[in-house]
Amino acid sequence: MGVRKKLWAACACLAVLMVPSFPFPASAAESQVDFEGSGWGHGVGLSQYGARAMAVLGYDYDQILAHYFKGTSLLTLPAERTIWVNLERNFTTKVLRVLDVGSDAGSSVNITSEFGSASAAPDSTISVNLVGSGCTVEVANPGTSPVTITDPSDCSVDFSWYAWNQLGASPSTKIQIDGCTLPDWNTPGGTVWRPCQYARGKLHLRQGAGGLHLSAEMLIDDYIYGISEVPITWETEALKAQAVAARSYAEGRRLIRLGLRHDTCWCHVMDTTSDQRYVGWGHTNPAAWVAAAQATARKVLTHPDSNLSQDVVTAFYSSSSGGATEFGHEKGYSSGPVEWLSSVDDSWAVDGTIFNPNASWTRSVDAGVVAAEAGLDFLTSISVTARRPGSNTAEQLELTGISGGEMVTVAESGSWARSTFDLKSEYFDVSYTAPQGWEGDEVLLYRSDGEFQYTRLLSNGTTGGVINSGANYTANWKSVAAIDLDGDGQDEIFFYREDGLYRYYDIHANGVIGAPIRAGEDYTSGWDSITAVDLDGDGGDEMFFYRDDGLYRYYDIEPNGRIGSPVRAGEDYTSGWDSITAVDLDGDGGDEMFFYRDDGLYRYYDIQPNGALGSPLTSGSNFATGWSVTTAINLDGQ
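Summarised in this report is the structure supplied together with it. (Residues numbered from 1 in each chain as written. Predicted model: local features only at pLDDT ≥ 70, side-chain atom pairs only at ≥ 80, totals over all residues. Heavy atoms only, no water.)

## Some words on the overall build of the protein
The following threshold applies: In this description a helix means any DSSP run of H or I spanning at least four residues, a strand means any run of E spanning at least two, and both kinds are numbered starting from the N terminus. To sort residues, take the accessible area from a 1.4 Å probe on protein chains only and compare it with the maximum for the residue type: under 20% means buried, over 50% means exposed, and anything in between is partly exposed. Only heavy atoms enter the contact rule, under which two residues are in contact if any of them lie within 4.5 Å. The Shrake-Rupley method, run with a 1.4 Å probe sphere, supplies the accessible areas, and residue values consider only the shown protein chains as cover.
Counting its secondary structure elements, the protein contains nine helices and 39 strands. Looking at the protein as a whole, 55% of its 638 residues are labelled buried. Residue pairs at least 24 apart in sequence account for 63% of intrachain contacts in the protein once pairs closer than 6 positions are excluded. With an accessible surface of roughly 25,000 Å², the protein has 45% of that area assigned to carbon and sulfur atoms.

See the structure below:
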């Protein structure tokens, strides 16, 4: 054996699968794939941290926008522009509460339907329930009997409480949705979860394919007041740039989704990051943000090549890139190349001009998890093989490993890696080193009638599939051992019979026996099992002979295969075993000894440098049965 990487005896391959508590080499159990990256988000359009850095450096908001959205200009929308925002979808029951906005008494909420109407004063509750193809709306005012509106058809109910579609109108009432909270991360002490409260616009209750939907209709600037996408403590010009980008995104989506998507949400946009994060009345001290929105009132981005009304463009944005933004069409944000979604420099976001917590990050994933997600049994390598132009993000990865007994390469996208392993962006590189000796030994299972099977074996305890099998091996041998006689890193195979007859063969990578190297009848006789083991750690094996009554002997082996000097002998070994083989269980470079009986009983021991058995490691009775010989062998020289 010499320098071969001994891993497991033949039957031990099954034991690994059945005995997961077995102490695998630490390198195999703990190997990780490290994704090292930068930025957070899809990287298309405006970089929020880049915009902030530009504001710190003295750029105005229109200069920031012109940088990130090339070729665009600003347009002021009509004052009456409105948008529908979904707040809750696909529900069967909700309770709404009518509350005052401030210390002054609020106005009542007017609830209207073609099947009736009601008024809900402050401190009242409104209970909404899906009933068949319609709904019921029960209004409970303080100190009065509830009033119920029953809409048996499509549940078309509206809620209004002020002149919501007039510029400058201020609400004195807000509606809270029971059981709903939204994170407010603009508080000095960290994120606070606040009740979902909405004061601007009017509410619409409608029925869709999956249940009831509750949406808010409002003027587009009132919608921008409730957007929560960047800290409101940021520089004013960065806030203005964000307000215009958010408004342009919303108007672009409104134009694309002219229908209100009745089945999905009865809305133009959702209130989540699937579109933009809208929190309604949920900001803490929103004055700076509201001022930025007012300073850019109704302004949106346009480009002469846009196919939307008034040349409006949908302005995408994300937290930050890894130094350059993405081309929109490379990520599916446009059907083809468009100037306003070009890749542009974003070095400000990561060069230390401002603190960006995601300027660099590392995500470590267990190699076994990565392998499983790629459909592999064992991962041997992973690398980024293609990058997108401009941004240099990971476009394609290749993962190589064992699957079903074969070495295969799987191609996956950078987007797959990001979504599968929860990476912050696709601006990443990947590093991974397979556990030392992952190639390991192949495993020979042999029976004296000539039946055999070779199986690839991995150091994580999984088998990589059958390499070769048959019933035509050389027969009538008592024991088989693998040993590298010529020092080429590839094993030869040694057959032994208890009367002293022996034979050495070359062996091919597919397990087929090659040319005979040496044969004779003068080996030490009377032994039940033999194996090669490096007792002294010199890189050269000694030969261990064993008899099932516990008698044993160690010999040096000469390069020509002859037995050399005896190393150790005794009669006190564990007895009653059919086969033994040496294997480095714990990856420390020193062999342990595996004992096997053909009824499936097995046991592992440490081996002392003097050949004596040390502590038992593990044992059981659930190994594969019916084999007379087990041995680990390096077929391919790896």
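Having seen the structure, we can now continue with the description.
## Focus on unusual backbone geometry
Although it is not a glycine, D311 adopts a positive phi angle of roughly 60 degrees. Of note, D311 is situated in the loop between β17 (299-302) and β18 (317-318). Judged by its relative accessible area of 31%, D311 is partly exposed. Unlike most non-glycine residues, N392 shows phi in positive territory, near 65 degrees. Counting through the fold element by element, N392 comes out in the loop between β20 (378-387) and β21 (394-403). Overall, N392 belongs to the partly exposed group, its relative accessible area being 47%.

## Quick word on the side chain of S113
Under the convention used in this document: Here a polar contact is recorded for every N or O atom pair within 3.5 Å, except that within protein the pair must consist of a potential hydrogen donor and a potential acceptor, and residues adjacent in sequence are included only if both atoms are side-chain atoms.
Turning to its location among the elements, S113 is positioned in strand β6 (residues 109-113). A polar atom in the side chain of S113 sits 3.4 Å from the side chain of D151. Sequence-distant contacts of S113, defined by excluding residues within four places in its chain, comprise I149, D151, S156 and V157.

## Let's talk about the sheet that holds strand β23 (residues 428-431)
Note the cut-off: For two strands to count as paired, DSSP must find a minimum of two bridges between them. Think of each axis as a best-fit line through the C-alpha atoms, taken over the contacting stretch in the case of a helix, with angles from 0 to 180 degrees between the N-to-C directions.
Spatial strand order, β19-β1-β23: three strands in an open sheet with antiparallel pairing. The strands lining the two open edges of the sheet, one partner per strand, are β19 (361-366) and β23. Across this sheet, the average inter-strand angle for adjacent strands is 20 degrees, counted without regard to direction. Of the pairings in the sheet, the one linking strand β1 (residues 32-37) to β19 comprises six bridges and is antiparallel in character. Looking at β19, one finds that E36 is bridged to T362.

## A closer look at helix α7 (residues 287-295)
Selection rule: By arc we mean the arc of the directions from the helix axis to the C-beta atoms, nothing more.
Turning to α7, its buried residues number three or more, namely W289, V290, A292 and A293. Buried residues of α7, viewed axially, fall in a sector of 160 degrees; they line one side. Of the surrounding secondary structure, the elements contacted by the buried residues of α7 are α5 (220-225) and α6 (236-256).

## Re the packing of aromatic side chains
Convention followed: Pairing of aromatic side chains here covers Phe, Tyr and the six-membered ring of Trp, requires ring centres within 6.5 Å, and sorts the geometry by plane angle: under 30 degrees stacked, over 60 edge-to-face, intermediate tilted.
Applying the stated criterion to the full structure yields 33 aromatic pairs. With 5.7 Å between their ring centres and 45 degrees between their planes, W477 and F495 make a pair best called tilted. With W477 in the loop between β26 (463-470) and β27 (479-483) and F495 in strand β28 (residues 492-496), this pair connects stretches of sequence that are 18 residues apart. Just as W477 is buried, F495 falls in that class too. Measuring from ring centre to ring centre gives 5.1 Å for F544 and Y573, while their planes differ by 40 degrees; the resulting arrangement is tilted. Residue F544 is located in strand β32 (residues 542-546), and its partner Y573 is located in the loop between β34 (563-570) and β35 (579-583); the two are separated by 29 residues in the primary sequence. Note on accessibility: F544 and Y573 belong to one class, buried. Ring pairs connect the aromatic residues F494, Y496, Y502, Y504, Y523, W527, F545 and Y555, which therefore count as one cluster.

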